[in-house]
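# Analysis of the macromolecular model
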Amino acid sequence: MTDHENLETPAPAQVADWELELQKVGFVRRVLRARKWYRADWWFVVISSLMVVGFLIIAIWPQWFAPHDPLEQVGPRLLSPGELPESEVLILPEDSPFGGIADFTRDERIPVAVMLDTPSSEAARDEAERVTDEIAASGGEGRIRLQIMRFESIEETLDAVVSGEATAAVASSKTFAAAAAGYPTLRNAGGVSSEAQDTTSFILGTNQVGQDVLSRLIWGARIAIIIGFSAAIASFVLGVPLGLIAGFAGGKLDRLMTLVMDSIYAFPGLILAIAITAVLGPSIVNIIVAIAVLYIPTYYRIVRGQTLSAKEELYVEAAKSLGARSRVILGRYIFPNVIPSVAVIFSVNVADAILTGAGLSFLGLGLPLDTPDWGIDLARGQEFIRSAWWLITFPGLAVMLIVLAFTMMGEGLVEIFNPKLRDR
Amino acid sequence: MTQDAIAADRSSVATGDVLYSIRDLSVEYGTRAGEVAAVDRVSLDIRKGEILGLVGESGCGKSTLGKAMMRMISPPGRITQGELWFAGEDLMTVSEAQMREIRGARLGMVFQDPMTSLNPLSKIVDHLTETITTHEPSVSEAAARDRAEQLIGRLGLRVERIDDYPHQFSGGMRQRIMIALALALRADLVIADEPTTALDVIVEAQFLDLLRELRAEFDLTIIMITHNIGVVAEVADRVAVMYAGRMAELGSVDEVFLDTKHPYGQGLLRAVPNIELDGSDLYQMEGAPPNLLHTPSGCPFHPRCPHVMPICSEREPAFAEVTPGHRASCWLFQEHDGEGER
Amino acid sequence: MVFGVPAALALLWVFIRGSEALRRYILTRIALTLPMVLILVSVVFFVLRVMPGDVVSSTLGPKASEEVRENIIESLGLDDPLIVQYFKFLGDVVTLDLGDSFIGARRPIVDELGERLPATLELIIPAAIVALGTGLLFGTFAAVRRKRTADYGLRLYSVIVYSMPIFWLGLLLRLVFSVWLGWTPIAGRIDVVANTTLERTTNLLTVDSIISGNWSALLSVLHHMILPTLTLGLVLSGVFIRLTRINVIETLQEDYVISARARGIRERVVTYSYALKNAMIPVVTVIGLQVAILLAGAVLTETVFNWPGMGRYLIQRISARDFQAVQSTVAVFAMFVALISLAVDVIYSVLDPRVKY
């Protein structure tokens, strides 16, 4: 009857319940019941997992999502998000019978007003010639002849149309948009050129060489995922066995390895990676090698610690006394016990690797210059910080979101597997 | 709590020797599975100058009761009803700031584990002077230090060790320091929550001697919360036995130990190892303490009770006097119609 | 050469003020740090050598003539056996004779690093203060407000800040405060004008300007420090908020906190003097590891803000293919990390009376 435990919680049975149940069930049920049992924020895991899956899909099939080729010049330089590129447009009076240059097939010359020293006249002539050629090719009659009238300013040009002096005007879309308020009777009849390539806008704008920012972002996900996963897998594959061996063998080998691993662990990882990529030269494989080296100690430390404690467990002692070989003990008894705690840090590790990879390519190390990579895009975009805010905003946002997704997923998994840490 | 029991309690208040009076106190904890009544409608009077032993199994609510007396129940727990009369004031109606002034100054508490109850980063002297100057801002640092030194000396510790850190002391010494902290402002009532559990037997005996001396010297009233019947038998004047958050029995040490009324109390006493008996005679009470989420109906002890009657599972007995000053909540000593229909 | 000034000064101060036992502890601790430095420097050396890259090609580029190659190999001692190279390198590091820079005026690398290190210190020390300050303050706040809106908000903040690439935060701050609002300078450590009037002695520009009483220079230096310091500090603050929060929550449940409340100690005193002080011990221990993140972050921050510190020196030397300088800089970083971890250990022993020494 005399009890010696310090038991002041009113209902100790509740705590034990889920802990016992937890040991019996598998992964899926753990995730599903975590909320009910110990209030794990499992929406955390759901949202971040969805984000991770989204990033994975984008990384595997970027061509499905990217509207353009990330390496092609597809538009004018430094076009801001959603902005229409500047083009030469035809300006007609509201009551004009014409719809476009193609309707100008008359015998007389049509007077068209343009501004001096702009490409407008050339654009108008090119289009007129093209339409004429087209008609001739199809065996039809008629041709377009334009009479170009040049004026000093946009106001004079437009006045000429209003007064009837000219039938139409041709001007750049931006110039007309700036002056249009003063000319309610004139309308923008659309692009002069029928080659429509440069009349589309870009959701996230274009960069300094006219590449589509969005397409580069989408293809950048592939690079980020490749780097993150390869580096994390490589350090996993190297770090786990090293930790197992060191923890199991003990002695001098263990001490030496731990000293080396701790030193790498304490050293600023990025600087080590910088040094390694500097020697290896730029390539995606080298960047992966450099990052993998950094994270070997992360796995090593955890696995070694777990191995040390698992070694003391009764079933391992029993196996040893039955004469099981070290390899068997390690593989069959210790390894399976170590895996869960390593698996949950894998996700966070991927996030760290992506962040380090982005840092390396931002510094101009590790990847060939025109690769569609977020770090490189940021580095190249920072020169244009005054004129093009979108170049430095979106790639960074992408890095943050992908890192956030993997980190949150990792933390959620930790919470589900080690509920005792849930308040941490 | 039945009417006559409350009336009986009131009569003892009227005698004027009551220092602290608990009236119909309930404390509940919100758990995922529902509300748990850790303390269930408990009434108890603590007389001035006595040492009252509060005993019971782990989880019976005795520590919760101690904390509730200091109004130190923290969420998810809360006091759901009751009054706490101390020196003519109902502590339940007092503001948190006033309550803070009462804690430490007039109500002291000594905790179970002396190893963890002192701030590892503060010197002993700082613990004492901090307590003194918090409650008496007019006292200078030097005067507070003087008082601290006197106190430490009185409790049998070397005065020059006052500048040491807690980790440099043994468990028994630290428990003395905890007492010193409770006495620093001459608290009227000290609630000692399992103060000797972490001490070995010899240190425990010394500590109990010290408590008795201090009571005489400082005119102290002490509530000794413990599961150790031996400790209670040694120092206490009166004993209160708790079961499943409720009062089971209350009386003087002699009454409760020699003439135990409540079957739970009887079981508890027979389960104490005794040198005169040999091990095979040690009594094992049947069953386990109830899960407070599903407290049995009627008397909470009835599933384990060797004298169980039909009424026990149907109606709860009152905590009524059996002989003057000796109370028990058991149908064996209370009149009922036998069938327990109503 | 100004080397690890604050850490060394703090050590010295503790050494002089401390008790006999503490002094002996510090000496032992220094003796224990030496192998760590040795390991770090060796790791640097072997990682750079064992890697399957060709040092000479990456130093010279692929188009160098055979003659030039052989010259370089000889002058760097690359034709010696690896073990000989290793001990030569160790000797160089111990004597701080790191060779001459490959490019420019071919100055000794030690001198060049001596100019860069103070700049890095002037970046990371204020950043550490920002990170630690916000971490302790908001971490405690979150712990006290546990499971309430403020707590969740701060939790979200620290996760987001942790996920932010530091260079991106730097660019964003620069975009908003320097480009759009024009409140802060775009880059660098000091104005051109102020630079010409400032006499440099320690190369810690704040210290220099205070010593010489050049207040306009001090103003300019501080003005330039704001954004880089904030960038580095904010990114690290998330980690410290989380750490402080966990530890304060834990200490708030300790018996000594409950017993302090039972003595009527004010809640504010309980939180800050009991819980936070005790929580700070594990937080300080972790600072040793955070230094690695701090230095890595400094490299990126220096690049973004054109801050002439060690990190930017490293990057510049890499693009200049000056391999000797790269190796030496990394070695100096290693010694720096070891020094700080030593300092952290000593601070820890001063903070926590329970540490036996």
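From a predicted model like this one, the values you see are computed outputs, not experimental measurements.

### With respect to the sheet that holds strand β9 (residues 238-243) of chain B
All names here are of chain B. Overall, mixed pairing links the eight strands, which are arranged β6-β7-β8-β3-β9-β10-β12-β11 in an open sheet. Edge positions in the open sheet fall to β6 (107-110) and β11 (320-323), since each of these has one partner strand only. Each strand of the sheet is rotated relative to its neighbour by a mean of 25°, with strand direction disregarded. Sheet analysis places strand β10 (residues 246-252) next to strand β12 (residues 326-328), joined by two bridges and oriented antiparallel. Within β12, the position partnered with Leu 250 by the bridge is Arg 327.

### Things to note about unusual backbone geometry
Positive phi values are uncommon outside glycine, yet Glu 194 of chain B reaches one of about 50°. Residue position: Glu 194 of chain B is located in the loop between β7 (189-193) and α7 (201-218). One non-glycine residue, Asn 306 of chain C, lies in the positive phi region at around 55°.

### Quick notes on the side chain of Thr 221 of chain B
Residues and elements named next belong to chain B. With respect to the helices and strands, Thr 221 occurs in strand β8 (residues 221-226). In this structure Thr 221 comes out as buried when scored by relative accessible area, which is 0%. Residues contacting Thr 221, with those up to four places away along its chain left out, are Leu 19, Ile 46, Arg 47, Lys 48, Gly 49, Glu 50, Asp 188, Leu 189 and Val 190.

### Observations concerning the interface of chain C and chain A
Accessible area lost upon the coming together of the parts is a frequently used measure of interface size. On the side of chain A, 46 residues touch chain C, which itself brings 48 residues to the contact. In this assembly, chain C packs against chain A so that about 4,500 Å² is buried in total across both faces, 78% of it on carbon and sulfur atoms. Linking chain C with chain A are one salt bridge, by the criterion used here. Two residues, Arg 242 of chain C and Glu 411 of chain A, come together in a salt bridge whose shortest N-O distance is 2.7 Å.

### Notes on the interface of chain C and chain B
Residue-level contacts link 20 residues of chain C with 24 residues of chain B. Taken over both partners, the interface formed by chain C and chain B buries close to 1,900 Å², and the fraction arising from carbon and sulfur atoms is 61%. The largest share of the area that chain C buries against chain B comes from Ala 262, Arg 263 and Pro 353 of chain C, three residues that together contribute 31% of it. Taken together, the connections running from chain C to chain B amount to zero salt bridges. The interface formed by chain C and chain B holds eight residue pairs in polar contact (both at pLDDT 80 or more) in total. Listed by contribution, the elements that provide at least two residues to the side of chain C that touches chain B are α12 (255-262) and α13 (267-304) of chain C. Tallied by class, residues from the side of chain C that touches chain B come to nine nonpolar, four polar and seven charged.

### Thoughts on the sheet that holds strand β3 (residues 146-151) of chain A
Residues and elements named next belong to chain A. Spatially, β3-β2-β4-β1-β5 is the arrangement adopted by the five strands of the open sheet, whose pairing is mixed. Each edge of the open sheet carries a strand with a single partner, namely β3 and β5 (186-191). Each neighbouring strand pair of the sheet contributes to a mean axis angle of 30°, computed without reference to strand direction. Two strands pair when backbone bridges link them, and strand β1 (residues 88-93) and β5 are joined in this way by four bridges, in the antiparallel orientation. Bridge pairing links Leu 92 to Arg 187 in β5.

### A closer look at the confidence of the model for chain A
Looking at chain A, the pLDDT average stands at 80 and 86% of residues meet or exceed 70. Every residue in residues 1-16 of chain A scores below 50 in pLDDT, and together they form 26 contacts with partners more than four places removed in sequence or on other chains.

### A word on the nonpolar core
One finds Phe 267, Ile 274, Ile 334, Phe 362, Leu 363, Trp 374 and Ile 402 of chain A to be the most contacted residues of the largest nonpolar core, which totals 158 residues. The leading source of residues in this core is helix α13 (residues 326-362) of chain A, at 16 residues. Aside from chain neighbours lying at most four places away, what touches Ile 334 of chain A is Leu 244, Phe 248, Thr 307, Ala 310, Val 316 and Ile 329 of chain A. Grouped together as the second largest cluster of nonpolar side chains are 95 residues, Ile 73, Leu 84, Phe 111 and Val 231 of chain B included.

### Section: the pairing of β9 of chain B
Residues and elements named next belong to chain B. The buried fraction of β9 is high, at six of six residues. Along β9, one buried face is formed by Arg 238, Ala 240 and Met 242 and the opposite face, lined by Val 239, Val 241 and Tyr 243, is buried too. Direction of pairing for β9 relative to β10: antiparallel, over a ladder of six bridges. Looking across to β10, one finds that Arg 238 is bridged to Ser 252. If you look at the hairpin formed by β9 and β10, you'll find two residues sitting between the two strands, and Ala 244 has a positive phi there, around 50°.

### Here we look at the packing of aromatic side chains
Following the criterion strictly, the structure yields 12 aromatic pairs over all chains and no others. Seen from their ring centres, Trp 61 of chain A and Trp 64 of chain A are 4.8 Å apart, and the 5° between their planes marks the pair as stacked. With a relative accessible area of 34%, Trp 61 of chain A lands in the partly exposed category. The ring of Phe 169 of chain B carries the charged tip of Arg 161 of chain B above its face, separated from the ring centre by 4.1 Å. The ring of Phe 319 of chain B carries the charged tip of Arg 327 of chain B above its face, separated from the ring centre by 5.9 Å.

### Remarks on a nonpolar patch on the surface
Residues and elements named next belong to chain A. Judged by side-chain polarity, Val 53, Ile 57, Ile 60, Trp 61, Trp 64 and Phe 65 come together as a nonpolar surface patch covering roughly 580 Å² of accessible area. Mapped onto the nonpolar patch, the elements with two or more residues apiece are α3 (42-60) and α4 (62-65). Ranked by the residues each element gives to the nonpolar patch, the list is headed by α3, at three residues. Judged by its relative accessible area of 58%, Trp 64 is exposed.

### What about helix α11 (residues 215-252) of chain C?
For α11 of chain C, which comprises 38 residues, the first-to-last C-alpha distance of 45 Å sits more than 12% below the rise-based estimate of 56 Å (1.5 Å per residue). With 28 of 38 residues buried, α11 of chain C is to be regarded as a mostly interior element.

### Remarks on the confidence of the model for chain C
Of all residues in chain C, 88% have pLDDT values of 70 or greater, and the mean over the chain is 81. Interface confidence for the predicted complex, given as ipTM, is 0.84, next to a pTM of 0.77.

### Some points on the packing of helix α4 (residues 124-135) of chain B against helix α6 (residues 171-183) of chain B
Residue and element names in this part refer to chain B. Two elements in contact, α4 and α6, have axes separated by 9 Å at closest approach and are oriented at 20°. Relative to α6, the element α4 lies roughly parallel. Pair α4 / α6 crosses with right-handed handedness. Touching Ile 124, His 127, Leu 128 and Thr 131 of α4 are Ile 177, Ala 180 and Leu 181, all from α6. Classifying every residue of the contact of α4 with α6 by side-chain character gives five nonpolar, two polar and no charged.

### So, the environment of Leu 214 of chain B
Residues and elements named next belong to chain B. Mapped onto the elements of the fold, Leu 214 is located in helix α7. Sequence-wise, Leu 214 and Leu 183 are 31 residues apart; in three dimensions their C-alpha atoms are separated by 9.3 Å. In this structure Leu 214 touches Arg 154, Leu 155, Ile 179, Leu 183, Asp 219 and Leu 220, once residues within four positions along its chain are discounted.

### Brief notes about a positive patch on the surface
A surface patch of like charges, here positive, comprises Arg 109, Arg 125, Arg 143 and Arg 150 of chain A. Take Arg 125 of chain A: it is sitting in helix α5 (residues 120-137).

About the cut-offs
Residues numbered from 1 in each chain as written. Chains lettered and ligands numbered in written order. Predicted model: local features only at pLDDT ≥ 70, side-chain atom pairs only at ≥ 80, totals over all residues. Heavy atoms only, no water. Pairing = 2+ DSSP bridges. Helix = DSSP H or I, 4+ residues; strand = E, 2+ residues; numbered from the N terminus. Axes fitted to C-alpha atoms, helices over the stretch in contact; angles between N-to-C directions. Buried < 20%, exposed > 50% of the residue type's maximum accessible area, 1.4 Å probe, protein only. Contact = heavy atoms within 4.5 Å. Buried area = accessible area lost by both parts, 1.4 Å probe. Salt bridge = Lys/Arg side-chain N within 4 Å of Asp/Glu carboxyl O. Polar contact = N/O pair within 3.5 Å; in protein donor to acceptor, adjacent residues only side chain to side chain. Nonpolar A, V, L, I, M, F, W, Y, C, P; charged D, E, K, R; others polar. pLDDT = per-residue confidence, 0-100. Core = buried A, V, L, I, M, F, W, Y, C linked by side-chain atoms within 4.5 Å. Phe/Tyr/Trp six-rings, centres within 6.5 Å; stacked < 30°, edge-to-face > 60°. Lys NZ or Arg CZ within 6 Å of the ring centre and 35° of its normal. Patch = residues over 30% accessible without salt bridge, like charges linked within 9 Å, V, L, I, M, F, W, Y side chains within 5 Å. Areas by Shrake-Rupley, 256 points an atom, 1.4 Å probe, with all protein chains shown as cover. Expected span 1.5 Å × (residues − 1). Parallel < 35°, antiparallel > 145°, perpendicular 65-115°, else oblique. Left-handed = near helix turned anticlockwise from the far one by under 90°. Lys, Arg positive; Asp, Glu negative; His and termini not counted. Charge placed at Lys NZ, Arg CZ, Asp CG, Glu CD.

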